[in-house]
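Listed here are the chains, written in short residue letters.
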Amino acid sequence: MNILAIESSCDETSASVLSNGKICSNVVATQLIHTQYGGVVPELASRAHQQHILPVVDKALTDAKVTKKDLDAIAFTKGPGLLGALLVGTSFAKSMALGLGLPLIEVNHMQAHVLAHFIQDPKPEFPFLCLTVSGGHTQIVKITSPLEMEVIGQTRDDAVGEAFDKTAKLLDLPYPGGPLIDKYAKTGNPLAYAFPLPEMPELDFSFSGIKTSFMYFLQKQVRENPDFIQENIEDICASVQHTLVNILLKKLKKAAKETGIKEIAIAGGVSANSGLRTSLLELGQQLNWKVYIPDFEYCTDNAAMIAMAAHYKYLNDDFCDQTVSPMARMEF
């Protein structure tokens, strides 16, 4: 069974080939043009996807030593994401499937992030909890099977990835700012500055308050010392990262206690953050959790996770037809 998967939800064009449940190739083309604008420009992302998708798919097939005639299905990201970007991948997948007479498999991008844990060993056992953290989502998901997932907590406003990027922008760091905060935080004091932790009901999150609090904090400090940011950038980044990670792990700890589940995973772009990874491993050791963290290449957007999600849908005969359309917003 050979599946070609395509991912085009935001600013990475990616293609992957899965053969009998194993990833044989995973090609990603990153769009660097957005750095000069301080964020992803949807129109430019769509144009870049159009430029990249054919060579990316061709390389994925070549790397996997698979031809078009060997394929059994075409999978693609239906959503959520940027509509124009999704449209490029969806249209390409539909056209290729139609031309080759192959079935189509639509994949939910966020479910695929969770199932990235099944690309490599060790794999979590069911049921498990997954903290999915990215630029657009912050969720705690309970997974009882590859096709049965339930969101039990999520953000009410900004996602944690947005909080990292907006904080970085206030510090005048270039986009994407999240990785730079992580870099500076490694040599800073996480307890140098304290920021308030939001109080949200049940297992939900909120990150808009800390962003506002941080903005007022910076304004006050810069008034007193115009060089405050440059002189204290490591401590500032370490303190912000420490606060954001604490918010995430506090809720994850609560979810694990309420459900009694000790199989714990993280997924999504922010799961590449070294502070989050280290703190989760430490907390897991304290609470006797089995912690699962994906390799860096499977944290950010990639088609291998789309292929893995498609693998389970293929086994369940879960296909879609040529009338399928991409969705910018999509329920889990």
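Residues numbered from 1 in each chain as written. Predicted model: local features only at pLDDT ≥ 70, side-chain atom pairs only at ≥ 80, totals over all residues. Heavy atoms only, no water.

### Comments concerning the overall build of the protein
Okay, step 1: On a plain count of helices and strands, the protein comes out with nine helices and ten strands.
Okay, step 2: Computed over C-alpha atoms, the radius of gyration of the protein comes to 20 Å, within 12% of the 20 Å expected from 2.2 N^0.38 for 332 residues, which places it in the range of a compact globule.
Okay, step 3: In terms of overall dimensions, the protein has C-alpha extents of about 65 × 45 × 30 Å along its principal axes.
Okay, step 4: Every one of the 332 residues in the protein was classed for burial, and the buried ones make up 52%.
Okay, step 5: Contacts in the protein between residues far apart in sequence, at least 24 positions, make up 73% of those at least 6 positions apart.
Okay, step 6: Of the side chains in the protein, 28 bear a positive and 37 a negative charge, and the two mean positions are spaced by 2 Å. (Helix = DSSP H or I, 4+ residues; strand = E, 2+ residues; numbered from the N terminus. Rg over C-alpha atoms; globule rule 2.2 N^0.38 Å. Buried < 20%, exposed > 50% of the residue type's maximum accessible area, 1.4 Å probe, protein only. Contact = heavy atoms within 4.5 Å. Lys, Arg positive; Asp, Glu negative; His and termini not counted. Charge placed at Lys NZ, Arg CZ, Asp CG, Glu CD.)

### Description of the state of the cysteines
Okay, step 1: In this structure the tally under the stated criterion is zero disulfides.
Okay, step 2: Not engaged in a disulfide, the cysteine Cys-130 finds its nearest cysteine sulfur in Cys-299; these two sulfurs lie 10 Å apart.
Okay, step 3: Overall, the relative accessible area of 0% leaves Cys-299 in the buried class. (Disulfide = S-S within 2.5 Å.)

### A closer look at the packing of aromatic side chains
Okay, step 1: Tallying each qualifying case throughout the model produces twelve aromatic pairs.
Okay, step 2: For the pair Phe-118 and Phe-128, a centre-to-centre distance of 6.1 Å together with 50° between the ring planes defines the contact as tilted. One end of the pair, Phe-118, is in the loop between helix 3 (109-115) and strand 6 (128-133); the other, Phe-128, is in strand 6, and ten residues separate them in sequence.
Okay, step 3: On the basis of relative accessible area, Phe-118 is assigned to the buried category, the value being 6%.
Okay, step 4: Using a relative accessible area of 0% as the deciding quantity, one classes Phe-128 as buried.
Okay, step 5: Both rings, one in Phe-126 and one in Phe-128, keep their centres 5.8 Å apart while their planes meet at 40°; by these two values the pair is tilted. (Phe/Tyr/Trp six-rings, centres within 6.5 Å; stacked < 30°, edge-to-face > 60°.)

### Re the nonpolar core
Generally speaking, nonpolar side chains in soluble globular proteins are found buried as a group.
Okay, step 1: Core analysis: the largest hydrophobic core is formed by 44 residues, its most contacted members being Leu-171 and Phe-207.
Okay, step 2: Listing elements by their share of this core, those giving two or more residues are strand 6, helix 4 (160-170), helix 5 (178-185), helix 6 (208-224), helix 7 (228-259), strand 9 (263-267) and helix 8 (274-287).
Okay, step 3: The dominant element in this core, judged by the number of residues it contributes, is helix 7, at 15 residues.
Okay, step 4: Setting aside its immediate chain neighbours within four residues, Leu-171 contacts Phe-214, Leu-218, Ile-229, Ile-233, Ile-236 and Cys-237.
Okay, step 5: If you look at the next biggest cluster of nonpolar residues, it comprises 32 residues, including Ala-75, Val-114, Ala-304 and Ala-307. (Core = buried A, V, L, I, M, F, W, Y, C linked by side-chain atoms within 4.5 Å.)

### Points about helix 7
Okay, step 1: Helix length check: helix 7, at 32 residues, gives a terminal C-alpha distance of 44 Å against a target of 46 Å (1.5 Å per residue), a fit within 8%.
Okay, step 2: Most pronounced at Glu-234, the bend in helix 7 amounts to some 60°.
Okay, step 3: Gly-260 sits one or two positions beyond helix 7 and adopts a positive phi of about 75°. (Expected span 1.5 Å × (residues − 1). Bend = angle between axes of the 7 residues up to and from the residue.)

### A short note on the pairing of strand 8 (residues 148-154)
Moving residue by residue along a regular strand, the side chains alternate between the two faces of the sheet.
Okay, step 1: Pairing geometry for strand 7 (residues 138-145) and strand 8, over six bridges, is antiparallel. Looking at strand 8, one finds that Ser-145 is bridged to Glu-148.
Okay, step 2: Here strand 7 folds back onto strand 8, and the loop between the two strands holds two residues. (Pairing = 2+ DSSP bridges.)

### Remarks on the sheet that holds strand 7
Okay, step 1: Read across the open sheet, the five strands follow the order 8-7-6-9-10; overall the sheet is mixed. On the outer flanks of this sheet lie strand 8 and strand 10 (290-292), each paired with one strand and no other. Strand-to-strand, the axes of this sheet are offset by a mean angle of 25°, without reference to chain direction.
Okay, step 2: Here helix 7 sits on the sheet and contacts strand 6, strand 7, strand 8 and strand 9; the angle it forms with strand 6, its principal contact strand, is near 160°.
Okay, step 3: Strand contacts of helix 8: strand 6, strand 9 and strand 10, with the helix running at about 175° to strand 9, the strand carrying the most contacts. (Axes fitted to C-alpha atoms, helices over the stretch in contact; angles between N-to-C directions.)

### Some details on the pattern of salt bridges
Okay, step 1: One pass over the structure, following the stated rule, counts twelve salt bridges.
Okay, step 2: A salt bridge links Lys-250 to Glu-199, with the nearest nitrogen and oxygen atoms 3.6 Å apart. Of this pair, Lys-250 sits in helix 7 while Glu-199 is found in the loop between helix 5 and helix 6, placing the two residues 51 residues apart along the sequence.
Okay, step 3: Exposure remark for Glu-199: the relative accessible area of 64% places this residue in the exposed category. (Salt bridge = Lys/Arg side-chain N within 4 Å of Asp/Glu carboxyl O.)

### Notes on unusual backbone geometry
Among all residues except glycine, the phi angle is most often negative; among peptide bonds, the trans geometry is most common.
Okay, step 1: In this chain, Asp-121 is followed by Pro-122 through a cis amide linkage whose omega measures -5°.
Okay, step 2: Looking at the secondary structure, you find Pro-122 in the loop between helix 3 and strand 6.
Okay, step 3: For the bond running from Phe-126 to Pro-127, omega is -10°, close enough to zero to count as cis.
Okay, step 4: With respect to the helices and strands, the residue Pro-127 is situated in the loop between helix 3 and strand 6.
Okay, step 5: Positive phi outside glycine occurs at Asn-288, with the angle close to 60°.
Okay, step 6: Looking at where Asn-288 falls in the secondary structure, it is placed in the loop between helix 8 and strand 10.
Okay, step 7: On the accessibility criterion, Asn-288 (60% relative accessible area) is exposed.
Okay, step 8: Its identity is not glycine, yet Asp-317 carries a phi of approximately 55°, on the positive side.
Okay, step 9: Asp-317 gets classed as exposed once you look at its relative accessible area, which sits at 61%.

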